Every structure is written in C-alpha cells, then in structure tokens.
Amino acid sequence: MPGLVEQGKSLSTLELNSLLETSKVLTATTDIDQILSHVLRTVMGKYVLLRAAISIIERHGERTYYRLAQCRGLPNPPKQFENLSAFMAMYGFEQCVPLISQARQIGCLLLGKKLTGAPYTDTELAFLESLAALTASALESALTFQELKQLNRDLNQTVQKLKTLFELTNSYTVGLSRDEILKIFSHSVAGQMLLRSYMVVLLSESGKPITELSLGVEVHNLSQGQQFQHELEKVLQVEKPTKVTHHDYPSLYLAGLHYIVPMRNNDKTIGAFMCGERITKLPFSETDLDFISLAAAQAANALEQSRLFKETLEAQGLEKELQVAKETQAALLPKSLPTLPGLEIAAQNVPTKQVGGDYYDVMRLGDTHLFLSIADVTGKGMPAALLMANLQASIKAYMNTFDPETFDLSAVVGKINNLIYENTPADKFITFFCGILELQTRVLLSVNAGHNPPLLFKKSGEVHPLTKGGVILGVISTLAPYEVESTLLESGDVLLLFTDGVTEAMNTAREEFGEARLIALVQANRDKPAHDILECIIAEVNRFQPTGEQHDDITLVCLKLS
C-alpha cells in the first residue's frame, strides 16, 4: 500500500484501517469517476470540508494543463485551467496534495477550508499523502485500462471498416445500375460513420456536376444559385479528402457539409462524396477519412464497371431477359381490384424500359377487411422481379391465415423482414408499406417499413403522412417490433400510396418532382374519381420529366371514400 510505510508512525490505527478500506474500494474498480467520487466523499466527510476537487494533468502538444476531473462545492467551475495557484486562490483551496504514481505526478487533490476553520494537522496531512498515493496508483491503473479499452475499440472499428469494405466489394456486381451503386455506397458509409447528412455529386457526360443523391441536405434550395454550381465544379477538382470551409465553399458550409471525399477512378475524379455532422458529434479522424476514400474509390470503380457492362449489354442486345423479367413483374400485380360500396379503389403501374422492382397489391380479407400494400425493391431486371415474387408469396401466405381476432400486423411484417433478410444478399432490400382496413369502422391499421409515407388527404384539407413502422425490409433482422399506426378514414378522405418514381422524377434542370408538387396536384383534383386522380398525377409527371427519360417505375394506389 503506497505511502503507508513512510507515514505509518504518525497515523493512528483508525486512520490506517480507513486507508486499508479505501484501498480495497479503489483497487476493486477501474471506473475513474467512481474512484474520484469515493476519494472526495472520504476527505470531505472526514474533515468536514465545504469544497474539494481532483484535477488530472494532461498534455496536448507542447501545452500542459489541468483538467478538472471531479469537484464538490464549486460554483460554475471551469473544465480546465493552467495556473494552479491562481485556480486555488480563486476558489479558496487551502491544500494541494500531489497525486504521484511511479515517480510521475498525474494530478493533485485540492482541499478547501474545514467548516471548523481549524488548520490541517501533521497527522491529517500524513493521512492525505497516503490517501493521495493510493488514489494515484488506482488512477494510473484505471487510466491504463481506459487506454487499453480505447485501443481495443479502435481495433474493432478498424476491423469493422475492413469488413464493410470487403462486403462492398462483393456487393458491386456488374449488373447494378448507377443509382443502386450510389445507394449501396452511401448507405454503407453513412451507417459505418453514423452520418446525419451527406451528398453525392457525379460528373455528367457533358462535364457538368450533377447532384445524384442526398440525405439531410436541402439540395433544392442550394441548386437555385450559380454560387452552388460553381462550388460543385470546384469539388470535382479535389483529389484528396478536403475540409469544407466558409471561405472556399460558403454554400456547402452553410448547408452543414464538413468534408469532401473525391470518388476517383484511374487517377481521375468522377464524383465526390460530401458528408456532414456525425450523430455522435465526434470529429472525423484520419482513419475515418481513409475509410471513406477507399469506399469512394470502390464505388467509382463499380460505376465504371456498370457503364461498361451497360454498353456490352446494349451491344449484345440482351433485351430478352429484361422482357421475361417485365412479364414476371406484370404477372405479380393484381389483375383486378375489389369493388366495394362507398370505396373507390384505383391503381397504376408505369414500368420503365428496364424492369424495376415496384409492387402493389389490394385484396379482400373475407367480408370485413381489405388489405393494401406497396413496395419498392432495390435493383432492376430479373433479380428484382424474383425478389418481388418472394415478397408477394410471403404476403399471400400470411394473408391466407388472416383472422381478425388474432392477426398481428406488426408480428407479420417482422417475420417477412426476417425472411427477406435471411434469404437475400446484403445489397438487396425492400421499402414496404401495408395496411388492413376494417370496412365497417373504416379504421386502417398500417406499418411503414421505410417506404415513402402514404398521404391521407382529409376532407378538411389537412394532409397526414403515414410514417409509423420500422426499418426497411432486408437490411437487418427484426430487433424491435414494428410500430402499428391506427388511422380513421372518413367520407371524403383520399388515401394515396406511391413509390419514389413519382417524387424523384427529374426535369432537365435535375430538379425533383417532389412531394410538395404531388400534394398540390392531388388537392387540386381530389373531387375527381380515384382513377382520374392517378391519371392526372401520371400525366403531370410525364410533362415534368423529359420525354423518354423515365428512370424508375411509377406506381400509385388511390382509395377514395364516399
């Protein structure tokens, strides 16, 4: 027990026992806060002190300062300070007992005046020096343990980053489209780095920068200015990770973007990934930026491979497989829709030239309930069509067991998610929404698994998005139950389900159609029959985007109550 031999002659048996008990407590934990709290309680209780503190010596470069690790009785204490004497004088500390371990001072124990006003005796100082030695030894062990834990965490993070890069390599198959590659890349990086916001910009064939993907960034507001376009041109000249500053990139800086990571292929920058603040608010380390750079380089290479594959596919005229997939997809959609009193039901699916993964279904569940769903499967071609078929088969199987007394929509969606997760590759997932309408009460129970929230247009003019649910199907196994939303549908209400082929349709200026336009369009046409409402939406989207440039399926389902 450090310090006891030297001071033993001046300590009473009671004090030696107190130090022994303290030693047992301090050596039994590696929690620094617990160590410091125990020491402060011990000295303040023993000597009836109004205030006490423990500071730790820290070094940053050539600067040495004291970090106030824990204190009691100090009004508005600073987190750190450099001048120990000035700090003691400012807060009325009388004694400073060094915390020395292995001939190295790691901090100090600061003590205020006793409540009695009596000075510290030699015996008390001897006790405090022994207590400080015990504290220093315990702190040294705890700090070492903390450093080892941090090293272990850093190692685990590095392993996880390498694993993510390996999984990305396996995910980038030659048949993926540009949009799929960018989604896989951005979702993986955002998930690994816990990003709040990001934006992906690519160099177009005309040499102009195009915003391809974003999350948490108001791209529509940014894209209106020439300054923003000028900054994007500068972004595509970056060759290594670069910090966004207000001086060089004012628009991007104000949008909350912190770093630019170039996407380079064959020593050429073909795009850039820009990221904002992390959910944890932790700064980006060099290894973090290295990881994003490697992932960006993989994505750039995959984009080039995708382009070459597309050219080869066109050259070989492999349209037959796409046609088979298109026929497979069409066969999965309902041949007819239920006819119900007081309820108009309409649905439309406008596929692209290539087969996408949109899906919808509307079916009767006996005489009392109606099931409706809409989904968007990642990818195109036969893989997307087959995954859609898998989803449809799962839905049909569970709906065939429907019993209004025992049916649990949350549990069913959770089981479907597990099925998709366990039987599909990591790059395949499905946004999904489903609901069961009780025809007599008109109460809709629904679950949204990461899909574009359906819009409920109330007769009063209010618009309610149906957002409650849980994670996208196939991304992760069901760890928490999906949340079920209960909504009362009333006469005059219009419920619209749609896929992102509607809201993400782009005009020549690369501006998205957006949800605001969709809402305004439905509001203006809500008095029309359900089928006519959908026709108006499709016609307006076709006018908005250039002729022949539909890049994603358009799928709509409309319920109108009378």
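Bear in mind that the values here come from a model prediction, so they are computed numbers and not experimental data.

Trainee: Explain the confidence of the model for the chain to me, please; I cannot follow it from the model alone.
Mentor: Where the model shows low pLDDT, its predicted coordinates should not be examined in detail. Counting all residues, the mean pLDDT for the chain is 84, and 84% of those residues have values of 70 or more. For residues 1-9, every residue scores under 50 in pLDDT, and the model assigns this stretch 17 contacts once sequence neighbours within four places are set aside.

Trainee: Looking at this structure, how should I read the side chain of Asp-376?
Mentor: Secondary-structure assignment places Asp-376 in strand 13 (residues 369-377). The side chain of Asp-376 is buried and forms no salt bridge, while Lys-183, the nearest opposite charge, is found at 5.6 Å. Residues within four places of Asp-376 in sequence aside, it is in contact with Gly-357, Asp-358, Phe-429, Ile-430, Thr-431, His-451, Asp-500 and Asp-552.

Trainee: For this particular structure, what's the right way to read the environment of Met-88?
Mentor: Of note, Met-88 is situated in helix 4 (residues 84-91). For Met-88, a relative accessible area of 13% gives the class buried. Once the C-alpha coordinates of Met-88 and Leu-111 are considered, the two residues, 23 residues apart in sequence, prove to be 9.0 Å apart. Look past the residues within four positions of Met-88 in its chain and what remains in contact with it is Phe-93, Glu-94, Gln-95, Cys-96 and Leu-110.

Trainee: What's the story with the sheet that holds strand 11 (residues 343-350) in this structure? I'm lost.
Mentor: Strands pair in a sheet through their backbones, by hydrogen bonds, and they do so in one of two ways: parallel or antiparallel. If you walk across this open sheet you meet the five strands as 11-21-20-16-17, and the pairing is antiparallel. For this open sheet the edge positions go to strand 11 and strand 17 (463-465), each flanked by a neighbour on one side alone. Ignoring strand direction, the axes of neighbouring strands in this sheet form an average angle of 15°. Of the strand pairs in this sheet, strand 16 (residues 455-457) and strand 17 are connected by three bridges, and their pairing is antiparallel. Following the sheet pairing, Phe-457 is matched in strand 17 by Val-463. Along the sheet, helix 15 (residues 514-525) makes contact with strand 16, strand 17 and strand 20 (494-498), crossing strand 16 at roughly 30°. Sitting on the sheet, helix 16 (residues 530-544) touches strand 11, strand 20 and strand 21 (554-561), and the angle it makes with strand 11 is about 25°.

Trainee: Looking at this model, I keep getting lost on the sheet that holds strand 9 (residues 257-265). Mind explaining?
Mentor: The sheet built from five strands is open, its strands ordered 7-6-10-9-8 with antiparallel pairing. This sheet does not close on itself; its edge strands, each paired only once, are strand 7 (209-215) and strand 8 (242-243). Here eight bridges tie strand 9 to strand 10 (residues 268-276), and the two strands are oriented antiparallel to one another. By the bridge assignment, Tyr-259 is partnered in strand 10 with Cys-275. Strands strand 6 (198-203), strand 7, strand 9 and strand 10 of the sheet are contacted by helix 6 (residues 178-193), whose axis makes an angle of about 145° with strand 6. Set on the sheet, helix 8 (residues 226-235) makes contact with strand 6, strand 7, strand 9 and strand 10; between it and strand 7 the angle comes to about 95°.

Trainee: Help me understand the nonpolar core, please; the structure alone is not making it clear to me.
Mentor: Side chains of a nonpolar character, in soluble globular proteins, are inclined to be buried together. Counting 49 residues, the largest nonpolar core has Leu-391, Ile-395, Ile-430, Phe-432, Leu-473 and Leu-559 as its most contacted members. Residue contacts for Ile-430: discarding those within four places in its chain leaves Ala-375, Asp-376, Val-377, Leu-387, Leu-391, Ile-420, Ala-449, Ile-472 and Leu-473. The next biggest cluster of nonpolar side chains, apart from the first, holds 29 residues, and it includes Val-200, Phe-291, Ala-300 and Leu-303.

Trainee: I tried to follow helix 3 (residues 32-47) on my own but got confused; where do I start?
Mentor: Since the α-helix packs 3.6 residues into each turn, any two residues three or four apart lie on the same face. In this model, helix 3 (16 residues) spans 23 Å end to end at C-alpha, consistent with the 22 Å of a helix rising 1.5 Å per residue. Taken as a whole, helix 3 has its buried residues at Ile-32, Ile-35, Leu-36, Ser-37, His-38, Val-39, Leu-40, Thr-42, Val-43, Met-44 and Tyr-47. N-capping of helix 3 is provided by Asp-31, with a side-chain oxygen placed 3.0 Å from the backbone N of Asp-33. Downstream of helix 3 by one or two residues, Val-48 has phi in the positive range, about 50°.

Trainee: Please clarify how the pairing of strand 13 should be interpreted in this entry.
Mentor: Each regular strand displays side chains that alternate between the two surfaces of the sheet. The element strand 13 is extensively covered by neighbouring structure, given that nine of its nine residues are classed as buried. Residue alternation in strand 13 divides its side chains into two sets, His-369, Phe-371, Ser-373, Ala-375 and Val-377 and Leu-370, Leu-372, Ile-374 and Asp-376, and both sets are buried. Note: strand 12 (residues 358-365) against strand 13, eight bridges, orientation antiparallel. Looking across to strand 13, one finds that Asp-361 is bridged to Ser-373. Once strand 12 ends, the chain turns through three residues before running back antiparallel as strand 13, passing Gly-366 with a positive phi of about 70°.

Trainee: How should I be thinking about the packing of helix 15 against helix 16 in this particular structure?
Mentor: For any two helices packed against each other, the geometry is given by the interaxial angle and the distance between the axes. For the pair helix 15 and helix 16, the least separation of the axes is 10 Å and the interaxial angle reads 140°. Regarding the angle of helix 15 to helix 16, the classification is oblique. Relative to helix 16, helix 15 is oriented so that their crossing is right-handed. Each of Arg-517, Leu-518, Leu-521, Val-522 and Asn-525 in helix 15 lies in contact with helix 16, whose residues at this interface are Ile-533, Cys-536, Ile-537, Glu-540 and Phe-544.

Trainee: I'm lost on the packing of aromatic side chains in this one. Help?
Mentor: Geometrically, a pair of aromatic rings is defined through the distance of the ring centres and the angle of the planes. Applying the stated criterion across every chain, the model contains eleven aromatic pairs. Measuring from ring centre to ring centre gives 5.7 Å for Tyr-198 and Phe-273, while their planes differ by 25°; the resulting arrangement is stacked. Taken together, the positions of Tyr-198 in strand 6 and Phe-273 in strand 10 put the pair 75 residues apart, joining distant regions of the chain. Tyr-198 sits in the buried class, given a relative accessible area of 4%. Classification of Phe-273 as buried rests on a relative accessible area of 0%. Look at Phe-513 and Phe-544: their rings are 5.3 Å apart centre to centre, the planes differ by 90°, and that puts the pair in the edge-to-face class. Of this pair, Phe-513 sits in the loop between helix 14 (500-503) and helix 15 while Phe-544 sits in helix 16, and the two are 31 residues apart along the sequence. In this pair, the class of Phe-513 matches that of Phe-544, namely buried. Three or more aromatic residues link up through ring pairs in this structure, and these residues are Tyr-66, Phe-81, Phe-87, Tyr-91 and Phe-93. Directly above the ring of Tyr-120 sits Lys-114, whose terminal nitrogen or CZ lies 5.0 Å from the centroid.

Rules used in this analysis
Residues numbered from 1 in each chain as written. Predicted model: local features only at pLDDT ≥ 70, side-chain atom pairs only at ≥ 80, totals over all residues. Heavy atoms only, no water. pLDDT = per-residue confidence, 0-100. Contact = heavy atoms within 4.5 Å. Helix = DSSP H or I, 4+ residues; strand = E, 2+ residues; numbered from the N terminus. Buried < 20%, exposed > 50% of the residue type's maximum accessible area, 1.4 Å probe, protein only. Lys, Arg positive; Asp, Glu negative; His and termini not counted. Salt bridge = Lys/Arg side-chain N within 4 Å of Asp/Glu carboxyl O. Pairing = 2+ DSSP bridges. Axes fitted to C-alpha atoms, helices over the stretch in contact; angles between N-to-C directions. Core = buried A, V, L, I, M, F, W, Y, C linked by side-chain atoms within 4.5 Å. Expected span 1.5 Å × (residues − 1). Polar contact = N/O pair within 3.5 Å; in protein donor to acceptor, adjacent residues only side chain to side chain. Parallel < 35°, antiparallel > 145°, perpendicular 65-115°, else oblique. Left-handed = near helix turned anticlockwise from the far one by under 90°. Phe/Tyr/Trp six-rings, centres within 6.5 Å; stacked < 30°, edge-to-face > 60°. Lys NZ or Arg CZ within 6 Å of the ring centre and 35° of its normal.

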